[in-house]
Amino acid sequence: KQWYQRRVRGEEPKNMKSFWRSLLSRSLNGDTFSNLNVAVLGLGDSSYCKFNYVAKRLYRRLTNLGAKSLVDIGLSDDQHPEGADYQSYHWVEGFFQNLSQHLNRPLSRNYRLLPPSVQFTITPSDGEIENRTHRNDNALQGNLISNNRLTHESHFQDVRLVEIGFGESKVSYKPGDVLWVYPRNSLENVKLASELLNLTLTDTVTVTSPFCMEISVRELLTSYLDIVAVPERQFFELCSNFPTDELEKEKFQEFTNMKDTEELYSYVSRPKRTILEVLSDFHSVRKNLDITYLFDVFGRIKPRGFSIASAQSTSPYSALYHC
């Protein structure tokens, strides 16, 4: 089963709380799980002090209650220089090897292309539909009031103090709170993405599953899809199914090879090459890309968190932050 840890404090997530409370019951002893084999993989970020804290606690508690570990605990790190999935890959390899020995039979690991995760249609429109909210949270619409550089022009770091105003909406925040900002893609990148993917910006995208949304292609590429993200290994694994050119197909398959990560690091990680730049380089990939996988090729834009640097008593209708 999967659980997701709260990033800052290392607390167990909500969907794990009842399970965790049951594990702490005094009625349990060192033999409770003596017939149970377990494997624990934590997905964390070493930039936080409580790195993979929940996974470590869970692993320790299960083994203390008698559970036998099929493989040592895996601690995947989002900051790993070879990518977030580097340690996960090697952990999974060891897991299947040990599981095969435990079951005393070979296990087949045949990969296949899964169906698209999002079902949608794109239809022509006489006029671009009015932008509608497509977020499930209580995000406020803000306007940039000021963006001032704090460091000297000669200093190598460009540190800025940004003020966002919320009109007549009074915002409530306390010391230590974080302001989450949803970025938008530039007009140039949106235009480039539409050209590479052969999309018409005024067309309408209607999502029917697993959520419902109606949005123009322009707005989808501007504020929903992360078209300038640095691609990870999963991107190349998915897109290796599309090119008809054998050289491009072979190159994308090389990028997914975890035993030789230098190719991917040199081409993507070191120069921080974006998905749009990759698609521009590989003609056969973009030409034959199955548009039904649009939401899988480009992930959703994630909000950026900034510590609030103002006091509500002096700025009730705005918030300042450093970046």
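Above this text you will find the structure in question.
Everything quoted here is computed from the prediction, not taken from an experiment.

Chemist: Lay out the packing of aromatic side chains with the relevant residues and their values.
Modeler: The description of an aromatic ring pair rests on the distance of the ring centres and on the angle between the ring planes. Using the criterion set out here, one finds 13 aromatic pairs in the structure. Pairing F252 with F282 gives two aromatic rings, centres 4.9 Å apart and planes at 80°, and the pair type is edge-to-face. Of the two residues, F252 sits in helix α7 (residues 246-255) while F282 sits in the loop between α9 (275-281) and α10 (283-288), which places them 30 residues apart along the sequence. Take F252 and F282: they sit in the same class, and that class is buried. Residues Y267 and F282 carry aromatic rings whose centres are separated by 6.0 Å and whose planes lie at 85° to one another, so their mutual orientation is edge-to-face.

Chemist: Kindly report on the pattern of salt bridges, identifying the contributing residues and their values.
Modeler: Tallied over the entire structure, the rule returns nine salt bridges. With its nearest N and O atoms 3.7 Å apart, the salt bridge here joins E153 to R149. You can call E153 exposed: its relative accessible area is 62%. Between D281 and R273 there is a salt bridge, with the nearest N and O atoms lying 3.8 Å from each other. Overall, R273 belongs to the partly exposed group, its relative accessible area being 23%. Residues joined in a network through salt bridges with shared partners are R149, E153, D158 and R160.

Chemist: Give me the sheet that holds strand β6 (residues 143-149): which residues, what numbers.
Modeler: Two modes of strand pairing occur in sheets, parallel and antiparallel, and in both the strands are linked by backbone hydrogen bonds. Ordered by their spatial adjacency, three strands build an open sheet running β6-β7-β12, and the pairing between neighbours is antiparallel. With one partner strand each, in any of the chains shown, β6 and β12 (318-322) form the two edges of the open sheet. Each strand axis lies, on average, 15° off the axis of its neighbour in the sheet, ignoring direction. Bridging between strand β7 (residues 160-165) and β12 involves five bridges; their strand directions are antiparallel. The residue of β12 that forms the bridge with V162 is Y321.

Chemist: Describe the side chain of N52, naming the residues involved and giving the relevant values.
Modeler: Tracing the sequence through the fold places N52 in the loop between β2 (41-44) and α2 (53-64). Among the residues examined, N52 registers a relative accessible area of 2% and is labelled buried. Among the polar contacts made by the side chain of N52, one reaches the main-chain carbonyl oxygen of S76 at a distance of 3.1 Å.

Chemist: Residue-level account of the nonpolar core, with values.
Modeler: In this structure, L220, L225, F235, F252, L279, F295 and F298 are the most contacted members of the largest nonpolar core, which totals 40 residues. Among residues more than four places away in sequence, those in contact with F235 are F252, I275, V278, L279 and V297. With twelve residues, the next largest nonpolar core counts L23, V38, V54 and Y59 among its residues.

Chemist: A description of helix α1 (residues 14-23) should follow, citing residues and the corresponding values.
Modeler: Among all positions of α1, only M16, W20 and L23 are buried. Projected onto a plane normal to the axis of α1, the buried residues spread over an arc of 50° and lie on a single side. For α1, the exposed residues set more than 90 degrees away from the buried face come down to K14 and R21. The elements touched by buried residues of α1 are α2.

About the cut-offs
By convention here, each chain's residues receive numbers from 1 onward along its written sequence. pLDDT decides what is reported in this predicted model: residues at 70 or higher carry local features, side-chain atom pairs at 80 or more are listed and counted, and totals for whole chains, interfaces and linings draw on all residues regardless. Excluded from the side-chain calculations are hydrogens and water; all other atoms, namely the structure's heavy atoms, are used. Working definition: rings of Phe, Tyr and Trp (its six-membered ring) pair if their centres are within 6.5 Å, and the pair is stacked with planes under 30 degrees apart, edge-to-face with planes over 60 apart, and tilted otherwise. Counting from the N terminus, the helices are DSSP H or I runs at least four residues long and the strands are E runs at least two residues long. For the exposure calls, accessible area comes from a 1.4 Å probe over protein chains only, and a residue counts as buried if that area is under 20% of its type's maximum, exposed if over 50%, partly exposed in between. Here, a salt bridge means any side-chain nitrogen of Lys or Arg that lies within 4 Å of a carboxyl oxygen of Asp or Glu. Being paired, for any two strands, means DSSP has found at least two bridges between them. Here the axes come from fitting lines to C-alpha atoms, over the contacting stretch only for helices, and the angles between their N-to-C directions go from 0 to 180 degrees. Nitrogen and oxygen atoms within 3.5 Å of one another constitute a polar contact, given that in protein one can donate a hydrogen and the other can accept it, and given that sequence-neighbouring residues count only through two side-chain atoms. We define the nonpolar core as a collection of buried residues of types Ala, Val, Leu, Ile, Met, Phe, Trp, Tyr and Cys that are connected through side-chain atoms lying within 4.5 Å of one another. Contacts between residues were defined by any pair of non-hydrogen atoms, one from each residue, lying within 4.5 Å. Of all possible arcs, the one meant is that of the directions from the helix axis to the C-beta atoms.

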